[in-house]
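Fold and contact review
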Amino acid sequence: MSARIARAAAWGVLPAELALVVCLVAGVRIPVALLLGAEALVLAVLVVEAVTLWPLYAAGRRAGAGRRNALRAALRTSVPVPVRRLVAHEVRALHSLGLWLLRRRHGVPEGAVAVPYTGPQTAMMYGLVFVSLVETVMLALLIPWPVVHRVVLVVDVYGVVLLLALHAACVTRPHVVGADGSLRLRHGGLLDLRIPASAVAGVRVDRRYPEGRSVLLHPDGVLDLSVGNQTTVTVELTGPVAFVRPMGEPGTAHTVRFHADDPRAAVAALTRVRTAPPPSPDRPG
């Protein structure tokens, strides 16, 4: 029961606390009574979390786990998976924004082939950023109350930064064809699916226009990783491959359809690596 209370408290208090922190950093004046009440609520939640975490941590230590592993196990039990996933997604997005500014890519080793997939969404993302900027300016002119004006300004600016960060995550985290014939499929920081070379049965250019979410697992085991409601490459697998969905639910797929800006080049790269003859052994001297 205590674990359920801790999880519910984390769900309820985290968004409010983040909002207060953003306002304080931005210089927004918070009424003392509201600030004290919020801090008292956070303190109460921390007490509940500590009371819940300590027995779990102690049990892990008694079972022989190290301090770090025992703490991680306790956090997994008391903090809801969606909360952890949302925080991790946002951190990865902001990290990707830094990589984007530095013109670097994540997870593309030497000898691997990067497969970009952001083409269909680039214009849309920049359009959303422009609309958000216009909204920020208009609200700044229309809202007469200073406190509300500052809060809305902080939220709008952070929203623009987050939009850019989400797009940067897709730019800096492309699909990757490994030098060993493996395939790493990603959707920004939301999904990371690794397919070993031995699991790839066939690959072909196959343009489709699926409806629904960008990461969609069909009941028949077909996984769509669409961008702009389209996929361009289909990968047939030798057997089911397990993966983790954006919000933490496990899934398995036997066919994966994903988007590549240049599908023919992606298929050629994967085919070339998979069909390349093995290097000949050195002749004895």
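Computed from a predicted model, the values in this text were never measured in an experiment.

Let's shift gears to the overall build of the protein. Broken down by element type, the protein carries seven helices and nine strands. When each of the 285 residues of the protein is scored for burial, the buried share is 37%. Surface accessibility of the protein: about 16800 Å² in total, with carbon and sulfur atoms responsible for 65%.

L193, I195 and V256 are the most contacted members of the largest nonpolar core, which has 25 residues in total. Of the residues forming this core, the biggest block, five residues, is contributed by strand β8 (residues 231-244). For I195, the residues in contact, after removing those within four places along its chain, are S182, L183, L185, V200, L237 and V256.

Turning next to the pairing of strand β3 (residues 183-187). Judged by how many residues are buried, β3 sits mostly within the fold: five of five residues are covered. In terms of strand pairing, strand β2 (residues 175-177) meets β3 through two bridges, oriented antiparallel. Within β3, the residue paired with V177 across the bridge is L183. Here β2 hands over to β3 after five residues, with G181 in that stretch at a positive phi of 90°. Both β3 and strand β4 (residues 191-195) contribute to a ladder of five bridges, which runs antiparallel. Bridging from a neighbouring strand, R186 pairs with D192 of β4. Following β3, the chain reverses through three residues before pairing antiparallel with β4; G188 in that reversal takes a positive phi of roughly 60°.

Time to look at the pattern of salt bridges. A complete count under the given rule lists five salt bridges for this structure. Measuring nitrogen to oxygen at the nearest pair gives 3.8 Å for the salt bridge that ties R204 to D206. Note on R204: relative accessible area 37%, which makes it partly exposed. As a salt-bridge pair, D224 and R257 come within 2.8 Å of each other at their nearest N and O atoms. Residue D224 is found in strand β7 (residues 222-225), and its partner R257 is found in strand β9 (residues 250-258); the two are separated by 33 residues along the sequence.

About the thresholds
- The numbers attached to residues start from 1 for each chain and follow its sequence in the written order.
- Only residues with pLDDT of 70 or above have their local features reported here, since the model is predicted, and side-chain atom pairs are shown and tallied only from 80 upward, although totals for entire chains, interfaces and linings are computed over all residues.
- Hydrogen atoms and water are omitted, and side-chain values are computed over all heavy atoms in the structure.
- Every helix listed is a DSSP run of H or I at least four residues long, and every strand listed is a run of E at least two residues long, numbered separately from the N terminus.
- Using a 1.4 Å probe on the protein chains alone, a residue whose accessible area is under 20% of its type maximum counts as buried, one over 50% counts as exposed, and one in between counts as partly exposed.
- Using a 1.4 Å probe, the Shrake-Rupley method yields the accessible areas, and only the shown protein chains count as cover for residues.
- Here the nonpolar core consists of buried residues drawn from Ala, Val, Leu, Ile, Met, Phe, Trp, Tyr and Cys, with membership extended through side-chain atoms lying within 4.5 Å.
- Any pair of residues with heavy atoms lying within 4.5 Å of one another is described as a contacting pair.
- One requirement defines pairing of two strands: DSSP has to find at least two bridges between them.
- Within this document, salt bridges are pairs made up of a side-chain nitrogen of Lys or Arg and a carboxyl oxygen of Asp or Glu, the two lying within 4 Å of each other.

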